[in-house]
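Residue-level listing of the chains:
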Amino acid sequence: MDTNRTRRCRHPWRATALVGVLIVAAPAVQASAVQAPPTRVETVVESRSPVTGITETVVRVKVPLPASVGARPEACDWLSYLRYRDSAGPDRSADADRILIAQPGILEGAGAFDSVARNTITQASARGEHIEFWALDRRSNCLEDRTGVQAGLDSGDPHDAIDYYYRGASVDGKKFSGFLENRQLGWLSKVGLEQTVRDQYDLMVAELPSRTLRKEKFLCGGHSLGGVLTGYFATWDFDGDPATLSDAGHNQCAGYFALDTTISTSLGDLQGAMPEDVNLPDVGIGYAAVQAGLNSGLLPRSVSAPAVVNAETMTLLSVSGLFAATAPDAESDMAAAVPPRFNVDLTNRFLFSKDAATFLTGKPGLKDFRLTNEAALGVLMDDHSVPLSFIQASVGFFDGGPVVDKNFPVANGSNSNPALLGTEYKAIPAEPHGPLYTWRNYDRVGADDDPVHRSADGTPFTSAAKEVTDIQQLARSLSEHPLDFTENYFPTKLVTDIQLGTSPQISRFVVHKDGLTANPTLTVLAGDGLIDPGRHQDLDPVVAPGYQHLDVLTAAPDQNDGRPETVSTHLAEFATRR
């Protein structure tokens, strides 16, 4: 790391620290014997969240993949999750009143659940109960290299992350080995639906060996694709004998929860959760052909697209959160600091073009506008800026200068927008090389000094009722966790297995179909999210007004209507129900 470069952040802070092993599960040995390697490691995570009274740890349990998977990094033989618990509650999970265990959505990691986990535990504590929230990471998250982001956290200078990922700088003698290519992901071609639900089962059994206790304590659920994975988990037979029920997935859970998703075994409810140009194979050719393509590498082993959906751009999303968290009001130079890269440049064009002509010419581009670090993060994730609904959150609006309609890739006000692009009007700064655009946080929209920006047709771009997530807490969640907010190498096989769920290779495990309705279910839908609540009235869903797809995870504890956050309120009530 370049220690001679002048630091550009005035107030360095160390947002995340792994400060010591809490639990190491290993047999007792004589003093003279060789110490057995640990099979379980739990480490404290230091957080800057304003929601206090929560203890966060990262837990890693060694559950090796089958030998048939092939060569893989040693880290991928461990299962990992973020454990959140009430600091005033019991230390042991077995003594908690309930445990919510959550599967992430597509392209999502454990860190995405930070806000909803903290808010739910706080709400349950107010009801007199001590619950835990376990946010799962999938196997593929083991491939991510957070060294650069951590270096920026430790030094307080986010440029250290850029130096590590793009300029060959070393951190403690380690250099970035590059973003992985398809040829380096051979083992991922074997990690699909069967391995994913098995991992959850094995983790639950390892952490709470008593099946009776699991059935009493666990509430199983997830966000987006996590609802479908929970549906499969509920119907799965884990011992190969359909006549025995103690191993059935639904008998490991006391109930289910679905966050902007449904507990099902179909991707039908999640149309729009993935861009249409990602590299997914045609499942019409059948399970065996798809698997052969994945094994050979002819088919992509991880989900990717040239813009937004690839390991490089998702790493930069974490880096953008780091910039916004460490120096929110400083003028952003992140875009200029990253050397020219095809994926990054195409993403910036796609996300920051006013119209088709701007996209084609690249002028004016992101680097031509003056933005604070907070505003730059808003460009990437706010529902009135980013044209992809599956990464949208309602974090406020541009401030500090005039804005105009963003009519790319579709025009504002169109009634034919696909679900993928969302329904909110999009805006973009109007003046390149002009004023410094700042960010008006969610709780300042509608304030007396709000200029209330309007579209060309007179429609206000947003209102207080449409804003629910604190951009600073989103920035923190993106950057501070040892388990990422994103999943940079999402396995293609996981999606194709679900799409081919009726094939014998999958259906032979899905034998307890009544498991979908065997337990009580809480369904929470975002009012402006991917799923139309009107289609699911039979589920008696809780609808969170104004929320986007990510807001069900990221919304602030205190909302603009003076009420506590909707999702966590209902999750806490569900978790404490007897």
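What you see is a predicted model, and the numbers here were worked out from it, not measured in a lab. (Residues numbered from 1 in each chain as written. Predicted model: local features only at pLDDT ≥ 70, side-chain atom pairs only at ≥ 80, totals over all residues. Heavy atoms only, no water.)

### Structural notes on the pairing of strand β6 (residues 131-136)
The side chains of a regular strand alternate between the sheet's two faces. Selection rule: Categorising residues by exposure relies on relative accessible area from a 1.4 Å probe, with only protein chains included: less than 20% of the type maximum marks a residue as buried, more than 50% marks it as exposed, and the intermediate range marks it as partly exposed. Helical segments are the DSSP runs of H or I of at least four residues, strand segments are the runs of E of at least two, and each set is numbered from the N terminus. Each pair of strands is called paired provided DSSP finds at least two bridges between the two strands. Throughout, right-handed denotes a crossover for which the path from the first strand over the helix to the second runs clockwise when the strands point away from the viewer.
Among the 6 residues in β6, 6 count as buried, and that is most of the element. Going residue by residue along β6, you find Ile131, Phe133 and Ala135 tucked away on one face and Glu132, Trp134 and Leu136 tucked away on the opposite face as well. With 5 bridges joining them, strand β4 (residues 78-86) and β6 adopt antiparallel strand pairing. Counterpart to Tyr81 in the pairing with β6 is Leu136. Pairing of strand β5 (residues 98-103) with β6, which is carried by 5 bridges, proceeds in the parallel orientation. Paired with Ala102 across the bridge in β6 is Ala135. Between the parallel elements β5 and β6, the chain passes through helix α1 (residues 114-126) in a crossover that is right-handed.

### Let's talk about the pattern of salt bridges
Should their charged atoms come close, side chains of opposite charge can pair. As a reminder, the rule being used: What makes a salt bridge here is a side-chain nitrogen of Lys or Arg within 4 Å of a carboxyl oxygen of Asp or Glu, nothing more.
Tallied over the entire structure, the rule returns 26 salt bridges. Close ionic contact of Asp497 with Lys493 constitutes a salt bridge, the shortest N to O distance being 3.2 Å. Pair noted here: Asp497 and Lys493 are both in helix α14 (residues 492-499), with a separation of 4 residues, about one helical turn. Taking the relative accessible area as the measure of exposure, Asp497 reaches 3% and is therefore buried. Through salt bridges that share partners, Arg40, Glu42, Arg83, Glu132 and Glu207 make up one connected network.

### A look at the side chain of Gln200
The criterion, for reference: Pairs of residues are marked as contacts when any of their non-hydrogen atoms sit within 4.5 Å.
Mapped onto the elements of the fold, Gln200 is located in helix α4 (residues 193-207). You can call Gln200 buried: its relative accessible area is 4%. Beyond its immediate stretch of four places on either side in the chain, Gln200 contacts Ile101, Gln103, Leu136, Cys220 and Phe233.

### A few points about the packing of α4 against α14
The test is simple: In this analysis an axis means a line fitted to C-alpha atoms, helices contributing only their contacting stretch, and an angle means the value between N-to-C directions, from 0 to 180 degrees. Oblique is the label for any angle not covered by the other classes, which are roughly parallel (under 35 degrees), roughly antiparallel (over 145) and roughly perpendicular (65 to 115).
Running from N to C, α4 and α14 cross one another at 105 degrees; their axes reach a closest spacing of 8 Å. Put simply, α4 runs roughly perpendicular to α14. Contacts between α4 and α14 involve Leu193, Glu194 and Thr196 on the former and, on the latter, Leu494, Asp497 and Ile498.

### Let's talk about the side chain of Ser189
To be explicit about the condition: Polar contacts here mean pairs of N or O atoms no more than 3.5 Å apart (in protein, one a potential hydrogen donor and the other a potential acceptor; neighbouring residues in sequence count only if both atoms are side-chain atoms).
Take Ser189: it is sitting in the loop between β8 (174-175) and α4. Within the structure, the side chain of Ser189 is placed 3.4 Å from the side chain of Asn295, a separation counted as a polar contact. Ignoring anything within four residues of it in the chain, the contact list for Ser189 reads Gln291, Leu294, Asn295, Arg301 and Lys493.

### Remarks on the confidence of the model for the protein chain
When pLDDT is low, close inspection of the predicted coordinates is not appropriate. Quick note on the threshold: Scored between 0 and 100, pLDDT is the confidence that the predictor attaches to each residue.
Overall, the prediction assigns the protein chain a mean pLDDT of 91, with 91% of residues at 70 or greater. Contacts for the low-pLDDT stretch residues 1-32, under 50 throughout, to residues beyond four places or in other chains number 77 contacts.

### Some details on α14
With 7 of 8 residues buried, α14 lies mostly within the body of the structure. Residues of α14 that are buried: Thr492, Lys493, Leu494, Val495, Thr496, Asp497 and Ile498. On the buried face of α14, the contacting elements are α4, α6 (225-235), α7 (287-296) and α15 (504-507).

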